[in-house]
Structure formats: structure tokens, C-alpha cells
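Residues per chain are reported as follows:
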2 protein chains.
Amino acid sequence: MSVRPVYLQYSRNDDKKPGLRASPMHPPLNFCHVCGSALAQRTPPGDQFPRAVCDACGHVHYVNPKVVTGCIPEWEGKILLCKRGIEPRLGHWTLPAGFLEMGESCSAGAARETVEEACADVEIGELFSFVNVLYIGQIHLFYRARMRSPEFAVTPESTEIMLVDEQDIPWDDLAFATVRYTLRRYFEDRAAGKFGFHTTDFTHFPGRA
Amino acid sequence: MSVRPVYLQYSRNDDKKPGLRASPMHPPLNFCHVCGSALAQRTPPGDQFPRAVCDACGHVHYVNPKVVTGCIPEWEGKILLCKRGIEPRLGHWTLPAGFLEMGESCSAGAARETVEEACADVEIGELFSFVNVLYIGQIHLFYRARMRSPEFAVTPESTEIMLVDEQDIPWDDLAFATVRYTLRRYFEDRAAGKFGFHTTDFTHFPGRA
């Protein structure tokens, strides 16, 4: 399926154009964060895309995709999964992952998130999957990871943690399409005896593609 | 209105430093972009890092690393380089690359940047290099790319374009350390007859590491 890319920045509340909508996670850009003046939406000189521009101080508020970094923690063939204790997808199962922080590498972020979500200590290996999630402006990365011990614990972010064999993966109850994609490729590669690097683009919410 | 500037959030691994400094590219977060109120810097409940928080409407202004995507355009063994016509690093040579836009995949962004900077049409291949540039909160990606024709042209972003053999790469006049890293690995792999995937972390400005 061929999809025309949508290159849009977040718009003001009153903007009726298609593209990324303002939401609780992506609120509208109404005011300049430098000087507090009201923002206009227009294409700056030399640019190709509309941006939220401050006519008072000149600052252009660029909005760009965010990186979510995580891992596939393995212990003696079992995979560690977390039941989400927070939105989005509260109550569904996921691999440990979260937003990359400033000053942090993607592999360090994946290890940090595994501590934060599951109190588990992992050694991060090679980058395994790389998914452009176009409809939410995110990139999801998952690294192979070896658990240094079989220890884990629930956290404020996860109500339940488990180490499961492939046949016990709750495929119909996974939190995110990128987690499903990653686990599918992981078990295929493991069965084939060789891990590769997998990348794809998700253009629409699951079920609408 | 006089408001104490709030700098971008601190990085976890860099607690001794005062965090990412405000700069022309990263101006201070003084005002809420949703409601226009003055922002405070504190750690929200359940979070581990200080953020710019709006006490009026509750919005938390997260700041996360940005993705720069580019490619290594090749035509009959020669590599396409662009002399930068804009800051940063005006007048120095680079591979075509730029900030990933919303709704765009990293490979689509690499092809778009090659048109914008060099009017060159490329077929994007495999992801080749992935560099965490920690001191500026960026990730730099470069894809292998085949030029569909040897045509190119200067643009508002590039004052000069050239197709060069390996021995003519201006190593001492490259714009960015990630470009140097990528080209070094590229020629090593090409000489070895097999292209791999290369990743590293740059923790300090070149010359200070």
C-alpha cells in the first residue's frame, strides 16, 4: 500500500487541517515558550512546512518525532514481559520501553526503562528492531538483552511482571503493535539460529492499515 | 514580564553539570505553550527527572532527543558531498542529512533531505550508521543510498556539490564528527567487500573527549 507522507507540525486548537491532532500527549502550541506571545502557524522563509512561529520574538517551535527505546530481556530462553500499570494501554502486556531522555544513549535508555518498569538488570546487546510509527510521530527501538539475574519486581509502572516461554506469550493481549512485531521477528530469528536487524514502517493505527 | 529562565531538563548521567544549556537551538522554556502561564522546573509525581511544568494548566513540557536522518549517496563509486550554505558549520562539507519530520519515516526523510540539499534523487538502502550524539541531544542516522542518476545541483542549503572518490574526501574539512565516522566505516566496509551496521556514542564535542 502506498501512503502519501503527511508532514505536519502540531497545530493550534482552531486549525482544521488534517494531520496530527492536538491530544493530551500532544497539546496545541498556542503560546511561545520563550516570550509567552500568541503563536501563528505559517511556513518560515526557507522552510517547506508550516510551523508554529512567534511573531514577537521570532522563535520557531519545531516539533519532531520522539524515540521510544526498549529491549527484549531474556533469561534461560524466557522473555520478560510487564503488565502496564499506567496509560496508554493500561492492563496490557509489553516489553520494557520508554521515551529516550536528553543526554542518554538509546541502549542506556533501554536499560534504564527495564529498571524503572521491572526492577530488572539487563546487559543490552545489539539493536534488533527499528519501527517508524508514523501516525504518532515516534520511532520504536528494541535491543536484544540478557538478564543478569532472574530477579524482577512490580513497580509503579507495572502491576505484574512475568518471565514466559514463547508458547505462553499473550499475543492477543499485547499493548503495542511494535511489541508484537518485535516478538514475532525475535522468535523467528531465534528458531532460525541467527538474529538479524528488522525495520518497518507502521502508517496507520492497527486495524486500519 | 520578568521570568527566571528555565533550562531544559537535566540528563541523568550528567548530574554534575547544570543540564543542557539554553542556546539559539534550545531556547529556555519560560512559558506554557498551552495556556501561556509562567513555567516552573520540578520533578512531576512519578517521574525521575526535573521538567518544565505548568502549575496553571498542569501541562508537562518534555524535551527529548531529535533524530537527524541522512544518507551516503553513491554513483559509480563516488560519494556525493555538499558544502554547507547555512549554519551550523557553514562552508564545511557534509553528507545530506537533516531533522526527521512528523509523519515521515527515517528513510523517507533521508531521501527528502538529499533532494533539499543537493537536488539529487536517491534510492535509500540499508541503515548503515547510528550515532547517539549525547552532548546535543541528537541521534544521527545514515543510510546507504544509490543515486538514480549523476545529476545534482546547488540549493539554498548548499553552495557547492561534488561527487568524489575516496582519495578526494576532504577529511579535515568535514562539517560533523558523525559524517566523518560514517564515511570512515563506509570505506572500510567497502574495501572489505561487506557492509555492516555501525553504532557508537559521542559523549563530548570533538576535541574534548
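Located above this text is the structure these notes cover.
1. With respect to the overall build of chain A
The number of helices and strands found in chain A is 2 helices and 11 strands. The order of helices and strands in chain A, counted from the N terminus, is β-β-β-β-β-β-β-α-β-β-β-α-β. Split into buried and exposed, the 209 residues of chain A put 50% on the buried side. Here the contacts in chain A between residues at least 6 apart in sequence split such that 61% fall between residues at least 24 apart. For chain A, the accessible area works out to roughly 9800 Å², and carbon and sulfur atoms hold 53% of it.

2. Section: the interface of chain B and chain A
The interface is formed by 46 residues belonging to chain B together with 48 residues belonging to chain A. Of all residues in chain B, His33, Glu101 and Met102 of chain B bury the most surface against chain A, accounting for 19% of the area lost on that side. For the pair chain B and chain A, the interface holds 2 salt bridges. Arg51 of chain B is paired through a salt bridge with Glu101 of chain A; the nearest N and O atoms lie 2.7 Å apart. Here chain B is connected to chain A by 16 residue pairs in polar contact (both at pLDDT 80 or more). At the level of elements, β4 (66-75), α1 (106-118), β8 (122-133) and β9 (138-147) of chain B are the ones that each hand at least two residues to the side of chain B that touches chain A. For the side of chain B that touches chain A, the per-class residue count stands at 25 nonpolar, 13 polar and 8 charged.

3. Some remarks on the side chain of Asn132 of chain B
Along the polypeptide, Asn132 of chain B turns up in strand β8. Looking at Asn132 of chain B, the relative accessible area reads 2%, which means it is buried. In this view, Asn132 of chain B contacts Glu104, Ser105 and Cys106 of chain A together with Gln138, Ile139, Thr200, Asp201 and Phe202 of chain B; residues no more than four positions away in its chain are not counted.

4. Some points on the relation of the copies chain B and chain A
One copy of the chain maps onto the second through a rotation about an axis and a displacement along it. Note on the identical chains: chain B maps onto chain A by a rotation of 180° and an axial translation of 0.0 Å, with an RMSD of 0.0 Å. Here the two chains are linked by the operation of a two-fold rotation axis.

5. Topic: helix α2 (residues 177-192) of chain A
Residues and elements named next belong to chain A. The terminal C-alpha atoms of α2 lie 23 Å apart, and with 16 residues this matches the ideal 22 Å at 1.5 Å per residue to within 8%. Within α2 the residues assigned to the buried category are Ala177, Thr178, Val179, Tyr181, Thr182, Leu183, Arg185, Tyr186, Phe187 and Asp189. Where α2 is buried, its residues touch β4 (66-75), β5 (78-84), β6 (93-94), β8 (122-133), β9 (138-147) and β11 (198-202). Residue Gly193 follows α2 closely and has a positive phi angle near 80°.

6. Brief notes about the pairing of β8 of chain B
Note on strand geometry: in a regular strand, side chains alternate between the two faces of the sheet. Residues and elements named next belong to chain B. Sheet topology places β8 next to β9; 9 bridges connect them, and they run antiparallel. Residue pairing in the sheet places Glu123 in a bridge with Arg146 of β9. The loop that links β8 with its antiparallel partner β9 comprises 4 residues; one of these, Gly137, has a positive phi angle of about 60°. Bridge count between β8 and strand β11 (residues 198-202): 5 bridges; the pairing is parallel. Paired with Phe130 across the two strands is Thr199, which belongs to β11.

7. Thoughts on the pattern of salt bridges
Residue and element names in this part refer to chain A. Scanning the entire structure with this criterion turns up 24 salt bridges over all chains. Here Arg42 makes a salt bridge to Asp55, at a shortest N to O gap of 2.3 Å. Taken together, the residues span a long stretch of sequence, with Arg42 in strand β1 (residues 39-42) and Asp55 in the loop between β2 (51-54) and β3 (60-61) at a distance of 13 residues. For Arg42, a relative accessible area of 34% puts it in the partly exposed group. Overall, the relative accessible area of 54% leaves Asp55 in the exposed class. The partner of Lys78 in a salt bridge is Asp165, with the nearest N and O atoms 3.1 Å apart. Placement of Lys78 in strand β5 and of Asp165 in the loop between β10 (158-164) and α2 is noted, with a sequence separation of 87 residues between them. Owing to a relative accessible area of 30%, Lys78 belongs among the partly exposed residues under this scheme. For Asp165, a relative accessible area of 23% translates into the label partly exposed. Bridged by salt links that share partners, the residues Glu104, Arg112, Glu113 and Glu116 form one connected network.

About the criteria used
Residues numbered from 1 in each chain as written. Chains lettered and ligands numbered in written order. Predicted model: local features only at pLDDT ≥ 70, side-chain atom pairs only at ≥ 80, totals over all residues. Heavy atoms only, no water. Helix = DSSP H or I, 4+ residues; strand = E, 2+ residues; numbered from the N terminus. Buried < 20%, exposed > 50% of the residue type's maximum accessible area, 1.4 Å probe, protein only. Contact = heavy atoms within 4.5 Å. Areas by Shrake-Rupley, 256 points an atom, 1.4 Å probe, with all protein chains shown as cover. Buried area = accessible area lost by both parts, 1.4 Å probe. Salt bridge = Lys/Arg side-chain N within 4 Å of Asp/Glu carboxyl O. Polar contact = N/O pair within 3.5 Å; in protein donor to acceptor, adjacent residues only side chain to side chain. Nonpolar A, V, L, I, M, F, W, Y, C, P; charged D, E, K, R; others polar. Least-squares fit on C-alpha atoms with pLDDT ≥ 70 in both. Expected span 1.5 Å × (residues − 1). Pairing = 2+ DSSP bridges.

So yeah, pure geometry; function would need other evidence.
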